[in-house]
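For reference, the chains in residue letters:
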Amino acid sequence: VGFPGETDEQFQRTLDLMNEVKFDNLNTFAYSPRPNTEAALWDDQIPEEVKSERLQIVQRLAAQHGMERSERYVGKIVPVLVEDRNPRIIGQVMGRTRQSRQVFFDGDIDELKGKTVQVKIVEARTWSLVGEAI
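If you're wondering where the values come from, they're calculated on a predicted model, not measured in any experiment.

K.L.:
Kindly report on the sheet that holds strand β5 (residues 128-133), identifying the contributing residues and their values.
P.N.:
Pairing within the closed barrel is mixed, and its 5 strands lie in the order β1-β2-β3-β5-β4. The sheet shows a mean angle of 55 degrees between the axes of neighbouring strands, taken without regard to direction. Alignment of strand β2 (residues 92-96) against strand β3 (residues 102-106), held across 5 bridges, turns out to be antiparallel. The residue bridging Met94 from the neighbouring strand is Phe104, located in β3.

As structure tokens, then:
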């Protein structure tokens with residue numbers, strides 16, 4: 001958000017697109033000028049306060065959509081490709097659904113790494129899921 005010359009209408013169109021698509025995940029950043037780029041020299045730079053406010057709006061909406069998208073998995077059994085251990089919780093592994101949604105569940109990484117495991121999703125988080133191996 002906040003590219004030089006971005007109007008309120010253009011920003012609203014970004015929000016409209018987000019509401020239409022409801023992305024599973026979205027990486028968001030405020031524009032910052034870079035050396036040796038034309039846009040860095042344009043006169044119509046967006047004030048930092050406006051960029052910050054717009055970024056917060058986008059991030060809140062993205063989090064809302066992320067949670068909505070995660071909630072659709074609760075109660076379902078999905079195949080999860082185990083990739084690694086959960087760095088935060090000993091005894092848990094991390095894998096991904098076919099849609100690349102991150103899933104955490106109890107398991108032995110040495111036994112499960114690289115394998116596809118059927119997992120029942122029991123909890124939705126904004127950017128990930130928690131499940132139980134079936």
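K.L.:
Before we move on, could you go through the side chain of Arg101 and cite the residues and values that matter?
P.N.:
Following the sequence through the fold, Arg101 ends up in the loop between β2 and β3. Looking at Arg101, its side chain comes within polar contact range of the main-chain oxygen of Asp24, at 3.2 Å. Among the polar contacts listed, one links the side chain of Arg101 to the backbone oxygen of Gly66, at a separation of 3.2 Å. Setting aside its immediate chain neighbours within four residues, Arg101 contacts Asp24, Gly66, Arg69, Ser70, Tyr73, Gly95, Arg96, Thr126, Trp127, Ser128 and Leu129.

K.L.:
Lay out the pairing of strand β4 (residues 116-124) with the relevant residues and their values.
P.N.:
Here 5 bridges tie strand β1 (residues 77-85) to β4, and the two strands are oriented antiparallel to one another. Along β4, the bridge assignment pairs Pro79 with Gln118. Across 5 bridges, the pairing between β4 and β5 is antiparallel. Across the sheet, the residue bridging to Ile121 is Gly131, located in β5. Where β4 folds back on β5, the antiparallel hairpin that results is connected by 3 residues.

Conventions we followed
Residues numbered from 1 in each chain as written. Predicted model: local features only at pLDDT ≥ 70, side-chain atom pairs only at ≥ 80, totals over all residues. Heavy atoms only, no water. Pairing = 2+ DSSP bridges. Helix = DSSP H or I, 4+ residues; strand = E, 2+ residues; numbered from the N terminus. Axes fitted to C-alpha atoms, helices over the stretch in contact; angles between N-to-C directions. Polar contact = N/O pair within 3.5 Å; in protein donor to acceptor, adjacent residues only side chain to side chain. Contact = heavy atoms within 4.5 Å.

Any link to function would need more than the numbers given here.
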